[in-house]
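The chain contents come next:
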Amino acid sequence: MAQRLVYPAIFDPTVMINRVQVTVPDVPGVKVMGTTNDEAAQKAAEAVGNKLAKSNDELPVPSTPGELKRTAGQTVSFIVLDLDEYKK
């Protein structure tokens, strides 16, 4: 059975023109850039999957979107991935 994970992520289009930066606060060290929200979300899912698949630690507990601190221009969306895809 697939191990589906969902983490809230902060999307920030204000960091660089024509780029969207995504951070996943529950998975420290995950920060990616994309030219669109979709591309950035895909890159974030890959980064989270690769990092968690290599870790021997327990999976981080997802925050609620309201717990995330963000600044003007930033939005919160969810990163969804199947961790089993990254454990191969």
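Look above for the structure.
Note that the structure is a prediction, hence the values are computed from the model and not measured. (Residues numbered from 1 in each chain as written. Predicted model: local features only at pLDDT ≥ 70, side-chain atom pairs only at ≥ 80, totals over all residues. Heavy atoms only, no water.)

1. Some words on the overall build of the chain
Link 1 in the chain: Scanning the chain from N- to C-terminus turns up 1 helix and 4 strands.
Link 2 in the chain: The order of helices and strands in the chain, counted from the N terminus, is β-β-β-α-β.
Link 3 in the chain: The C-alpha atoms of the chain give 13 Å as radius of gyration, which agrees with the globular expectation for 88 residues (12 Å, within 12%).
Link 4 in the chain: The principal-axis extent of the C-alpha atoms belonging to the chain is close to 40 × 25 × 20 Å.
Link 5 in the chain: Buried positions account for 33% of the 88 residues belonging to the chain. (Helix = DSSP H or I, 4+ residues; strand = E, 2+ residues; numbered from the N terminus. Rg over C-alpha atoms; globule rule 2.2 N^0.38 Å. Buried < 20%, exposed > 50% of the residue type's maximum accessible area, 1.4 Å probe, protein only.)

2. Quick look at the nonpolar core
For soluble globular proteins, the rule of thumb is that nonpolar side chains tend to be buried together.
Link 1 in the chain: Judged by nonpolar contacts, the single largest core of 18 residues is most densely connected at Val22, Val24, Val48, Leu52, Ile79 and Leu81.
Link 2 in the chain: Of all the elements in the fold, those that place two or more residues in this core are strand S1 (4-12), strand S2 (20-23), helix H1 (37-54) and strand S4 (75-82).
Link 3 in the chain: Here this core gets 5 residues from one element, more than from any other, and that element is H1.
Link 4 in the chain: Once residues lying within four places of it in the same chain are set aside, the contact partners of Val22 are Ala9, Ile10, Phe11, Val30, Lys31, Val32, Ala40 and Ala44. (Core = buried A, V, L, I, M, F, W, Y, C linked by side-chain atoms within 4.5 Å. Contact = heavy atoms within 4.5 Å.)

3. A closer look at the environment of Arg70
Link 1 in the chain: Here Arg70 lies in the loop between H1 and S4.
Link 2 in the chain: The exposure class assigned to Arg70 is partly exposed, which follows from its relative accessible area of 45%.
Link 3 in the chain: With residues up to four places along the chain from it excluded, the contact list for Arg70 reads Pro65, Thr75 and Val76.

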